[in-house]
Amino acid sequence: MTVRSGIGYDSHRLVPGRRLVLGGVELASEVGLAGHSDADVLSHAITDALLGAAGLGDIGEHFPDSDERYRDADSLGLLREAAAMVRAAGYEPVNVDATVVLERPKLGAARATMRERLAEAIGLAPDAVNVKATSGEGIGFVGRREGAAVIAIATLRRA
Ligand SMILES: [Zn+2]
């Protein structure tokens with residue numbers, strides 16, 4: 001069995017007046033993620049991990065933020081498109097793991113819903129999509145609540 005892995009990393013600024021959407025789930029927060037799309041940093045990092053594993057470049061190449069079609073775009077939709085590209089290239093997603101680096105709020109019960117929505121977009125079972133969380137411990141851009149970051153890994157097998 002041919003197995004391939006890819007990593008994805010993304011970060012976005014946290015600003016007032018924006019929604020905080022992670023993995024397709026909106027969290028209650030006085031600050032949200034800035035960006036051209038819905039700025040769902042978790043979906044973006046996973047999209048890059050999938051594209052990377054398939055050797056298909058990166059999210060900015062396929063969904064450029066200069067393109068008006070992607071203004072306020074639902075990033076789960078972009079993830080769904082990336083999963084289709086991966087399959088068209090002859091690979092089947094096996095699993096995804098991600099770590100959200102965010103000072104607050106805690107993901108809490110929303111984490112299970114994120115896993116379900118991400119899994120549905122990729123075409124995996126929820127137990128094949130893991131979402132972890134860690135804080136910035138009060139230091140760096142995450143700790144100062146200036147932004148959030150996500151690192152993700154995806155594994156594919158030859159279909
Ligand atoms: Zn992004």
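Reading the values: rules and limits
- Residues numbered from 1 in each chain as written.
- Predicted model: local features only at pLDDT ≥ 70, side-chain atom pairs only at ≥ 80, totals over all residues.
- Heavy atoms only, no water.
- Donors = N, O, S within 2.8 Å, 3.2 Å for Na, K, Ca; no water.
- Helix = DSSP H or I, 4+ residues; strand = E, 2+ residues; numbered from the N terminus.
- Buried < 20%, exposed > 50% of the residue type's maximum accessible area, 1.4 Å probe, protein only.
- Axes fitted to C-alpha atoms, helices over the stretch in contact; angles between N-to-C directions.
- Parallel < 35°, antiparallel > 145°, perpendicular 65-115°, else oblique.
- Contact = heavy atoms within 4.5 Å.
- Nonpolar A, V, L, I, M, F, W, Y, C, P; charged D, E, K, R; others polar.
- Left-handed = near helix turned anticlockwise from the far one by under 90°.
- Salt bridge = Lys/Arg side-chain N within 4 Å of Asp/Glu carboxyl O.
- Pairing = 2+ DSSP bridges.

J.: I keep staring at the coordination of the zinc ion and nothing clicks. Help me out?
T.: Metal coordination angles in their ideal form are 109.5 degrees for the four-donor tetrahedron and 90 or 180 degrees for the six-donor octahedron. Only Asp10 (OD), His12 (NE2) and His44 (ND1) from the protein reach the zinc ion as donors, at distances of 2.0 Å. Mapping the donors of the zinc ion onto the primary sequence yields the spacing D-x1-H-x31-H. You can see Asp10 sitting in strand E1 (residues 3–16) and its partner His44 sitting in helix H1 (residues 41–53), a full 34 residues away along the chain. The burial state of Asp10 is the same as that of His44; both residues are buried.

J.: I keep staring at the packing of H1 against helix H3 (residues 75–88) and nothing clicks. Help me out?
T.: Geometrically, a packed helix pair is captured by the angle between its two axes and the distance between the axes. Relative to each other, H1 and H3 sit at 10 degrees, their axes nearing to 9 Å. In terms of orientation, H1 lies roughly parallel with respect to H3. Mapping the contact onto sequence places Ser43, His44, Ile46, Thr47, Leu50 and Leu51 in H1 and Ser75, Leu76, Leu78, Leu79, Ala82, Met85 and Val86 in H3. Of the residues in the contact of H1 with H3, the class split is 9 nonpolar, 4 polar and no charged.

J.: Would you mind showing me how to read the packing of H1 against helix H4 (residues 110–122) here?
T.: Running from N to C, H1 and H4 point in directions that differ by 40 degrees, and their axes come no closer than 12 Å. Considering the relative orientation of H1 and H4, their crossing is right-handed. Taking contact as the criterion, the partners of Leu42, Ser43, Ile46 and Leu50 in H1 are, on H4, Met114, Leu118 and Ile122. A class-by-class count of the residues in the contact of H1 with H4 yields 6 nonpolar, 1 polar and no charged.

J.: Even after reading the chapter, I still don't get the pattern of salt bridges, so can you show me in this structure?
T.: Here the idea is simple: oppositely charged side chains can pair when their charged atoms come close. Per the stated rule, a full pass over the model turns up 7 salt bridges. As a salt-bridge pair, Arg19 and Glu26 come within 3.2 Å of each other at their nearest N and O atoms. On the basis of relative accessibility, which here comes to 44%, the residue Arg19 falls in the partly exposed class.

J.: Please explain the sheet that holds strand E7 (residues 147–158) as it appears in this structure.
T.: The strands making up a sheet are joined through hydrogen bonds of the backbone, oriented either antiparallel or parallel. Strand order across the open sheet formed by 5 strands is E4-E1-E7-E5-E6, with mixed pairing between neighbours. The strands lining the two open edges of the sheet, one partner per strand, are strand E4 (31–33) and strand E6 (129–134). Neighbouring strand axes in the sheet, compared pairwise and without regard to direction, differ in orientation by 25 degrees on average. Where E1 lies against E7, 11 bridges are found, and the strand directions are antiparallel. Across the sheet, residue His12 finds its bridge partner in E7, namely Ala148. Along the sheet, H4 makes contact with strand E5 (91–101) and E6, crossing E6 at roughly 140 degrees.

Worth remembering: the numbers are spatial, not functional.
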